[in-house]
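Letter by letter, the chains look like this.
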Amino acid sequence: MDRLIGRQRGFLGLIVILVALLIVAWLSMDALKAYGVMSGVGPSPKPAPAAEPARGPGIAGTDSREITPATPAPMNALDKARGLESAVREQAADQSRRIDEATK
């Protein structure tokens with residue numbers, strides 16, 4: 001009997017790893033949708049009921065129901081990252097040149 005359980009440990013471990021992978025995939029899917037990276041629709045804010053007045057600081061008479069969530073475009077973020085990468089590379093090259101000039 002003990003031999004049969006010993007043979008099944010690998011199979012049970014595989015099942016546990018698959019379940020953990022499914023949980024991580026589900027959680028990351030929700031996070032990616034919240035950040036607007038996935039093609040699915042992100043969480044939408046609940047609209048205020050028509051009878052409820054707008055709350056919080058601000059100018060009186062503004063309609064808070066017209067607020068739309070700002071989701072960052074992934075391409076804009078990639079362009080910013082590429083620009084930052086090129087700036088860091090230029091700074092590293094400048095620093096390398098200054099070090100080379102100082103050591104001569």
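The coordinates are above.
These remarks concern the structure in this document. Quantities reported herein were computed from a predicted structural model and do not represent experimental measurements. (Residues numbered from 1 in each chain as written. Predicted model: local features only at pLDDT ≥ 70, side-chain atom pairs only at ≥ 80, totals over all residues. Heavy atoms only, no water.)

**Examining the overall build of the chain**
Item 1. Across its full length, the chain carries two helices and zero strands.
Item 2. For the chain, the proportion of its 104 residues judged to be buried stands at 0%.
Item 3. By element, 64% of the accessible surface of the chain is carried by carbon and sulfur atoms, the whole surface being about 9,800 Å². (Helix = DSSP H or I, 4+ residues; strand = E, 2+ residues; numbered from the N terminus. Buried < 20%, exposed > 50% of the residue type's maximum accessible area, 1.4 Å probe, protein only. Areas by Shrake-Rupley, 256 points an atom, 1.4 Å probe, with all protein chains shown as cover.)

**With respect to a nonpolar patch on the surface**
Item 1. Taken together, F11, L14, I15, L18, V19, L21, I23, W26 and L27 make up a surface patch of nonpolar side chains, about 900 Å² in accessible area.
Item 2. According to the relative accessible area criterion, L14 is partly exposed, its value standing at 47%. (Patch = residues over 30% accessible without salt bridge, like charges linked within 9 Å, V, L, I, M, F, W, Y side chains within 5 Å. Salt bridge = Lys/Arg side-chain N within 4 Å of Asp/Glu carboxyl O.)

**Quick word on the pattern of salt bridges**
Item 1. This model, assessed by the stated rule, comprises three salt bridges.
Item 2. When the shortest N-O distance is used, the salt bridge between R82 and D79 registers 3.7 Å. On the criterion of helical spacing, the pair formed by R82 and D79 is a turn pair, its members being three residues apart in helix α2 (residues 74–103).
Item 3. A salt bridge links E85 to R89, with the shortest nitrogen-to-oxygen separation between them at 2.9 Å. Note that E85 and R89 are positioned in helix α2 at a spacing of four residues, about one turn of the helix.
Item 4. On the accessibility criterion, R89 (58% relative accessible area) is exposed.

Shape is all these values report; function is a separate question.
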